[in-house]
Amino acid sequence: MADTLKETRCESQDTVASARSLAASSKQIDADMELPYSHFSAKSRVMIVVITAFTGLISPLASNMYYPSITTVRDDLNTTQSGITWTITAFVIAMAIFPLLWSNLADSIGRKPVYALSMLIFTCGSVGCALSRSLTALIAARVVQSAGSSAVQSAGAGTISDIYPREQRGTALGIYYLGPLLGPCLGPLIGGYIGQDAGWRWVFWVLAILGGVLLLLALFVLPETHRRIVSKTHSIQPVNIPPALSFKDNNPLLDIATVRYPVVALSMFLFAMLFGTYFTNATAQPLAYEGIYGLSQGMSGLCFLSSGVGCILGSTSGGRVTDLLLARHRRALEAAADSERVEDIKIPAEARLGAMWVGISLFMCAVIICGWLIEYELALAGVLVVQFFIGAGMAFTFQSLGGYLIDVFPTRSARITGVQNFWRSLWAAVIVQLFPTMHENIGWGWSYTVMFFLTLAALLLMQVVVFRGERLRQRFGPGPELR
């Protein structure tokens, strides 16, 4: 009897101790949640996003800026059309590979050093391009240029995740993506007039000057935002803080291997088809404007303003819409929840994909219409109108897909963005190299139709993620990390 009473007393003490521990843990969580997500003020965060977007502009700008002068470059270097195309392909392949390295470095040493080092490399590569006297030298300099400019393709998304909580991240990503998405539009416009009036080498001198300005901004204006580094000196919420990486973990091949998860593989497939079509369209438009519609080099570049305006509207509205979808989803769950701790409610990442069909449907319809308008040499005004919708649809969809992957991998936002950049750039390099052959053999209309059906196939497969993504993640991974 005494032993029984003693055991009962011990169990009661354990229960009380567990209850106290749970209460203390709950109080600590509440205290942590009262801390700010980021110590930066609203104005400072906007400044960081603008600088990051401006830096993110540099890679697609450098890739596309000399397209209007490509015939002049070919003749000046005494090479062939096939040979000069390698200056584009090599740039895109490097743009696929190097963000994987930069994203790991950014998670190890911080964002700021990566921005500064990458802009230094980009500036040196641009100077090399301007001084090139042979095709081999130009290709080598383009690879260096791409290696430097591609850092923000992955590290930029990490910066956004550092300073904005999940519910505000879509709007910030909408501003950030303006840089990478506007580059293919502004590049030919700016490069067309520079190449026409000052020569193709000045296209690269202007890029070198721009790289120098961004280097100074990275060194003297842009602060460090990495949450693990910032948390050592400032009181912020202890969420989305990436662990310190060991040498073994700091492996880009491990990042690429995330395609073993079905939700990641299907998302990457849609990203690749979508961006490949968009990038091929951007590189092909000067051929149509100058070869079919008889525009000058400068006027050809001016036509890219149409898709540029579309990108601005699509990117800003798409980011805001995804945030509103999350907010609506949270309100619905809170209304149905029995728990008083509404902050414990977990919103599935797939909630961000609810409006994706709007942007991608717009994009695909505009792509196929554009191809057949050019095929039959119909009004240029019609081509420019559908280019607007191509830009808007592409940018809108980018927000949904990019935000979804960051929600699934919040502590690895830079690295997962590097992975999607790898797959989409790799496919873009392939399809850009194939397009001249497609165009010569089946024409504009059927070439764009092929790209339409490739994107359609990826969209149909993506519906599995939209409607069954949460179950797929629970069964096959990755595990929930939605904070």
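On a predicted model such as this, the values are computed, not experimentally measured, just so you know. (Residues numbered from 1 in each chain as written. Predicted model: local features only at pLDDT ≥ 70, side-chain atom pairs only at ≥ 80, totals over all residues. Heavy atoms only, no water.)

## Here we look at the packing of aromatic side chains
The cut-off we apply is this: In this scheme Phe, Tyr and Trp rings, the latter by its six-membered ring, pair at centre separations within 6.5 Å, and the angle between planes marks the pair as stacked below 30 degrees, edge-to-face above 60, and tilted otherwise. Comment: elements are numbered from the N terminus, with helices defined as DSSP H or I runs of at least four residues and strands as E runs of at least two. Each residue gets one of three labels from its accessible area relative to the maximum for its type: buried under 20%, exposed over 50%, partly exposed in between, using a 1.4 Å probe on protein chains only.
Inspection of every chain in the model, using the stated rule, returns 17 aromatic pairs. Relative to Phe204, the ring of Tyr66 has its centre 5.4 Å away and its plane inclined at 50°; by these criteria the two rings are tilted. A residue pair is termed long-range when its members are at least 10 positions apart, and Tyr66 in the loop between α3 (58–64) and α4 (70–76) and Phe204 in helix α11 (residues 200–220) qualify at 138 residues. Looking at Tyr66, the relative accessible area reads 0%, which means it is buried. In this structure Phe204 comes out as buried when scored by relative accessible area, which is 0%. Consider the rings of Phe435 and Tyr448, whose centres lie 6.2 Å apart with planes at 75°: the pair is edge-to-face. The class for Phe435 is buried, based on a relative accessible area of 3%. Ring pairing ties together the aromatic residues Tyr176, Tyr177, Phe271, Phe275, Tyr278, Phe279 and Phe398, which thus form one cluster.

## Digging into the pattern of salt bridges
Note the cut-off: Salt bridge criterion: a side-chain nitrogen from Lys or Arg within 4 Å of a carboxyl oxygen from Asp or Glu.
Tallying each qualifying case throughout the model produces ten salt bridges. Ionic pairing is found between Asp407 and Arg166, a salt bridge with its closest N-O pair at 3.1 Å. Taken as a pair, Asp407 in helix α18 (residues 380–408) and Arg166 in helix α9 (residues 166–176) lie far apart in primary sequence, 241 residues in all. With respect to burial, Asp407 and Arg166 carry one shared label: buried. Ionic pairing is found between Asp407 and Arg352, a salt bridge with its closest N-O pair at 2.8 Å. With Asp407 in helix α18 and Arg352 in the loop between α16 (305–336) and α17 (356–375), the pair connects residues that are 55 residues apart, well separated along the chain. It is possible to trace a salt-bridge network through shared partners that takes in Arg166, Arg169, Asp323, Arg352 and Asp407.

## Structural notes on helix α10 (residues 178–198)
Counting along an α-helix, one turn takes 3.6 residues, and residues three or four places apart therefore face a common direction. Put simply, the rule is: Multiplying 1.5 Å by the helix residue count minus one yields the expected span of that helix. Bend at a given residue is defined as the angle between two axes, one fitted to the seven residues that end at that position and one fitted to the seven that begin there.
The end-to-end C-alpha distance of α10, which contains 21 residues, comes to 28 Å, matching closely the 30 Å that a straight helix rising 1.5 Å per residue would cover. Where α10 bends most, the angle comes to about 40°, and this point is Pro184. Across the 21 residues of α10, 15 count as buried, placing the element largely inside the fold.

## Points about the packing of helix α14 (residues 262–291) against helix α19 (residues 413–476)
Filter applied, for reference: Only the contacting stretch of a helix is used when fitting its axis, a line to C-alpha atoms as for every element, and angles between N-to-C directions run 0 to 180 degrees. An angle counts as roughly parallel when it lies under 35 degrees, as roughly antiparallel when it exceeds 145, as roughly perpendicular when it falls between 65 and 115, and as oblique in every other case. Crossings are assigned a handedness: left-handed for a near helix turned anticlockwise from the far helix by less than a right angle, right-handed for a clockwise turn. As a working rule, the residues Ala, Val, Leu, Ile, Met, Phe, Trp, Tyr, Cys and Pro are called nonpolar, Asp, Glu, Lys and Arg charged, and the rest polar, with Gly in that last group.
Contact pair α14 / α19: the axes reach a minimum separation of 3 Å and the direction vectors enclose 155°. The orientation of α14 with respect to α19, classified from their angle, is roughly antiparallel. Here α14 runs over α19; the crossing is left-handed. Class assignment of the residues belonging to the contact of α14 with α19 gives a composition of 35 nonpolar, ten polar and two charged.

## Here's the deal with the side chain of Ser400
Note the threshold: Here, residues are in contact when the closest pair of their heavy atoms is within 4.5 Å.
With respect to the helices, strands and loops of the structure, Ser400 is situated in helix α18. A relative accessible area of 1% places Ser400 in the buried class. Contacts of Ser400, omitting those with residues within four sequence positions, involve Thr322, Arg352, Leu353 and Met356.

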